[in-house]
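This is what each chain is made of:
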Amino acid sequence: MENQIPTPTENAAVAVAGQITNFAELVAKSTELAQMEQVLTLTAEYIELEKPAESFRGIYIGTQTMHITDKVTGEEKSMDAVRFLINKQVFINAGVVLVNEIKRAAVTIGTPVEITYLRKEGNTKIYQVTLLG
C-alpha cells in the first residue's frame, strides 16, 4: 500500500508548488473561497517615472529577470528588474541605474524605500534611492 494516494480525511501532507502543505487544510480553505477577501495582486505592473522629481514609495520585495524581444532585431534579451509592493500591488522597474543602485546598496527585501527620478543622461535615467523609516 506504499503507492496509495492519501485521501483528504487522512490529513496527509501533499507537495504543492514546492512546499509541503496540509491537504485537509487546503480542502477546508477551498470551501471558503467565496467569503475570502483579496489580499494582494501578484501580477506585476510596470511603474515608469516620466518627469524629473517624480517619485514613488514602496516596499522592496526583490528582483526578477524579464525576457523581452527587441522590436528592431527580434532578438530575445534578458534583463533584471526590481520589484516593489505599493498599496497591495506589485510593481516592477527595469531601469539599469535603478537596478544597479538597489543591488550596490544591498537593499534587503522588506525595506521601505522612496525612488525619485532625478534626470536623464543620454538615454539613461538617473534615480535616487532613499531608505524610509
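Residues numbered from 1 in each chain as written. Predicted model: local features only at pLDDT ≥ 70, side-chain atom pairs only at ≥ 80, totals over all residues. Heavy atoms only, no water.

A. Highlighting the overall build of the chain. The secondary structure content of the chain amounts to 2 helices and 8 strands. Along the chain, helices (α) and strands (β) appear in the sequence β-β-α-β-β-β-β-α-β-β when read from the amino end. The buried share of the chain, reckoned over its 133 residues, is 26%. Sequence-distant contacts in the chain: of pairs separated by 6 or more residues, those separated by 24 or more amount to 48%. Here the chain has roughly 9600 Å² of accessible surface; of this, 53% comes from carbon and sulfur atoms. (Helix = DSSP H or I, 4+ residues; strand = E, 2+ residues; numbered from the N terminus. Buried < 20%, exposed > 50% of the residue type's maximum accessible area, 1.4 Å probe, protein only. Contact = heavy atoms within 4.5 Å. Areas by Shrake-Rupley, 256 points an atom, 1.4 Å probe, with all protein chains shown as cover.)

B. Representation of the side chain of Asn 93 in the model. One can find Asn 93 in strand E6 (residues 89-93). A relative accessible area of 1% places Asn 93 in the buried class. Looking at Asn 93, its side chain comes within polar contact range of the main-chain oxygen of Ile 47, at 2.8 Å. If we ignore the near neighbours within four places in the chain, the residues touching Asn 93 are Tyr 46, Ile 47, Glu 48, Ala 81, Val 82, Leu 98, Val 99 and Tyr 127. (Polar contact = N/O pair within 3.5 Å; in protein donor to acceptor, adjacent residues only side chain to side chain.)

C. How the structure looks around unusual backbone geometry. Not every positive phi belongs to a glycine, and Lys 88 is a case in point at roughly 65 degrees. One can find Lys 88 in the loop between strand E5 (76-86) and E6. On the basis of relative accessibility, which here comes to 56%, the residue Lys 88 falls in the exposed class.

D. Geometry of the sheet that holds strand E4 (residues 55-69). Read across the open sheet, the 6 strands follow the order E3-E6-E5-E4-E7-E8; overall the sheet is mixed. Only two strands of the sheet have a single neighbouring strand rather than two, namely strand E3 (41-46) and strand E8 (124-131). Averaged over all pairs of adjacent strands, the angle between strand axes in this sheet comes to 35 degrees, irrespective of strand direction. Relative to E6, E3 is paired through 3 bridges, and the arrangement is parallel. Within the sheet, the bridge partner assigned to Glu 45 lies in E6 and is Phe 91. Sheet strands touched by helix H2 (residues 96-104): E4, E5, E6, strand E7 (112-121) and E8. Its angle to E8, the strand with the most contacts, is close to 35 degrees. (Pairing = 2+ DSSP bridges. Axes fitted to C-alpha atoms, helices over the stretch in contact; angles between N-to-C directions.)

E. Representation of the environment of Glu 101 in the model. One can find Glu 101 in helix H2. Between the alpha carbons of Glu 101 and Val 129 there is a distance of 7.4 Å; along the sequence they are 28 residues apart. Engagement of the side chain of Glu 101 in a polar contact is seen with the side chain of Arg 104, the distance being 2.4 Å.

F. Up close: the pattern of salt bridges. Under the definition given, this model contains 7 salt bridges. Its salt-bridge partner being Glu 25, residue Lys 29 comes within 3.7 Å of it at the nearest N-O pair. Of the two residues, Lys 29 and Glu 25 are both situated in helix H1 (residues 23-30); the distance of 4 residues between them amounts to about one turn of the helix. Relative accessible area serves as the criterion here: at 44%, Glu 25 is assigned to the partly exposed category. Glu 101 is the partner of Arg 104 in a salt bridge, and the nearest nitrogen-oxygen pair spans 2.4 Å. Taken together, the residues span about one helical turn, with Arg 104 and Glu 101 both in helix H2 at a distance of 3 residues. Residue classification places Glu 101 among the partly exposed residues on the basis of a relative accessible area of 25%. (Salt bridge = Lys/Arg side-chain N within 4 Å of Asp/Glu carboxyl O.)

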